[in-house]
Amino acid sequence: MVASRGTGEGEWFTIRWNSDRVELLDQRELPNEERYLSLTEVEEVAEAIEELAIRGAPAIGCAAAMGVALGAWRSDARDLDAMVGELESRVIPRLERTRPTAINLFWALDRMRGTLAKLAQAPGASTESLRAGLLAEAETILEDDKAICREIGQAGIDLIPDGAQVLTHCNAGALATGGYGTALGVVRAAVEAGRSIRVLADETRPLLQGARLTAWELSRDDIPVEVCTDNMAGYLMQQGEVDLVVVGADRIAANGDVANKIGTYGLAVLANAHSIPFYVAAPLSTIDLKIADGSAIPIEIRGRDEIARIGGRTLLPEQVGVRQPAFDVTPAALVTALVTEKGLVQPPSQQAIAALFRPDS
Ligand code: MRU
């Protein structure tokens, strides 16, 4: 068995609480520099999420939960009611405004809001018990996420045969989660089971999460990876260089439509045209049962410079605008299976997804 180091627990980590602060690996600097940010203010956590120092749906959720704990830690509220008021009216709403598409952000903040209400009503509640309880909940969210990623890996292991050539898009790895990853969790589990795999990482324009992050974390684990530009995928499929595609998700609607990094939909169409299986690996916290289908998923629009500038150089004439949706929606019909901690949903359907949430499933 090959040990996987990309767990967020070994040589590097995605995010953690350290004494009175949140520490996270600044993903904007990768692969050139492994620099950790040490955050002591809620505003710093919010900005780290907005500016993609930490990104990827589950990791955003973990960061937001830590942000709430930090809000309690830093608060100088004189009593319990004042602290609850500050967290509910200022801290949580600020974190909710950071990024709109990844449902894990709202899932984690709802969970922190629920914990806050419970802690505040507990007998003998104090500002101290609130601080300790919120930190414990944020750390549980992080540790659960790592464990869930390993379960997703086990659920998807047999989708990846020995010798498989696997295409992935963006980064759905240890960097995008508490550790281990969703799509890359499936890859890691297959490698740990002794399978020899070649990963093709889509570069993922405009912010290059595939080239900078997926390639970085897989190469740190000695998993064979090569980077291709996004527009090479069709040709490589045609040449027989892709046996399957596995990606992550930012939000999955009740019918199985999948929002993920821009370019995912195009890949799914290409995979379908070449009869290549297209898998989406995600935890249940990425499924939004309140949204019937993908048309209602909010799509983040990011700033002009992310397209117009690269490495300090301007690529477009000054007066020319850009169109910059950060995510797209892949219809469920193009998804071969969802890979979740509760197993495969194959093919994704409203009934099969609802069944995942029944207490006996
Ligand atoms: O804009 P990003 O980098 O946050 O987008 C990330 C993705 O699209 C990932 O594929 C998704 O969040 C899944 S992470 C396990």
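Residues numbered from 1 in each chain as written. Predicted model: local features only at pLDDT ≥ 70, side-chain atom pairs only at ≥ 80, totals over all residues. Heavy atoms only, no water.

Caption draft 1: Broad picture of the domain arrangement of the chain. Under the domain assignment used here, the chain contains domain 1 (2-150) and domain 2 (153-355). Interface area, domain 1 with domain 2, both sides summed: about 3400 Å², of which 50% is carbon and sulfur. Inspection of the domain 1/domain 2 interface yields 3 salt bridges. On inspection of domain 1 and its partner domain 2, the count reaches 21 residue pairs in polar contact (both at pLDDT 80 or more). Of all the secondary-structure elements, those providing two or more residues to the side of domain 1 that touches domain 2 are helix H2 (57-74), helix H4 (103-121) and helix H5 (127-156). Broken down by element, the side of domain 1 that touches domain 2 gets its largest block of residues, 6 residues, from H5. Split into classes, the residues belonging to the side of domain 1 that touches domain 2 amount to 18 nonpolar, 9 polar and 11 charged. (Domains from an automatic or database assignment. Buried area = accessible area lost by both parts, 1.4 Å probe. Salt bridge = Lys/Arg side-chain N within 4 Å of Asp/Glu carboxyl O. Polar contact = N/O pair within 3.5 Å; in protein donor to acceptor, adjacent residues only side chain to side chain. Helix = DSSP H or I, 4+ residues; strand = E, 2+ residues; numbered from the N terminus. Nonpolar A, V, L, I, M, F, W, Y, C, P; charged D, E, K, R; others polar.)

Caption draft 2: Quick look at the sheet that holds strand S1 (residues 15-18). Strand order in the open sheet formed by 3 strands is S1-S2-S3, with antiparallel pairing between adjacent strands. Bordering the open sheet on either side are S1 and strand S3 (36-39), each of which pairs with just one other strand. Here the average twist between neighbouring strands, direction ignored, is 25°. Alignment of strand S2 (residues 21-25) against S3, held across 4 bridges, turns out to be antiparallel. Considered in S3, the bridge of Leu-25 is made with Tyr-36. Those strands touched by H2 are S1, S2 and S3, and its axis lies near 15° from that of S1. (Pairing = 2+ DSSP bridges. Axes fitted to C-alpha atoms, helices over the stretch in contact; angles between N-to-C directions. Contact = heavy atoms within 4.5 Å.)

Caption draft 3: Representation of the packing of aromatic side chains within the structure. Inspection of every chain in the model, using the stated rule, returns 3 aromatic pairs. Aromatic pair Trp-17 and Trp-73: ring centres 5.3 Å apart, planes at 75°, arrangement edge-to-face. Taken as a pair, Trp-17 in strand S1 and Trp-73 in helix H2 lie far apart in primary sequence, 56 residues in all. Owing to a relative accessible area of 10%, Trp-17 belongs among the buried residues under this scheme. A relative accessible area of 29% means that Trp-73 is categorised as partly exposed. Cation over ring: Arg-150 sits above Tyr-180, and NZ or CZ is 4.2 Å from the ring centre. Here Lys-261 stacks its cationic end above the ring of Phe-327, 4.3 Å away from the centre of that ring. (Phe/Tyr/Trp six-rings, centres within 6.5 Å; stacked < 30°, edge-to-face > 60°. Buried < 20%, exposed > 50% of the residue type's maximum accessible area, 1.4 Å probe, protein only. Lys NZ or Arg CZ within 6 Å of the ring centre and 35° of its normal.)

Caption draft 4: Representation of the pattern of salt bridges within the structure. Scanning all chains against the criterion turns up 28 salt bridges. The partner of Glu-51 in a salt bridge is Arg-28, with the nearest N and O atoms 2.9 Å apart. Separated by 23 residues along the polypeptide, Glu-51 in the loop between helix H1 (42-50) and H2 and Arg-28 in the loop between S2 and S3 bring together distant segments of the chain. Residue classification places Glu-51 among the partly exposed residues on the basis of a relative accessible area of 44%. For Glu-33, the salt bridge is made with Arg-35, and the minimal N-O distance between the two is 3.6 Å. Residue classification places Arg-35 among the partly exposed residues on the basis of a relative accessible area of 34%.

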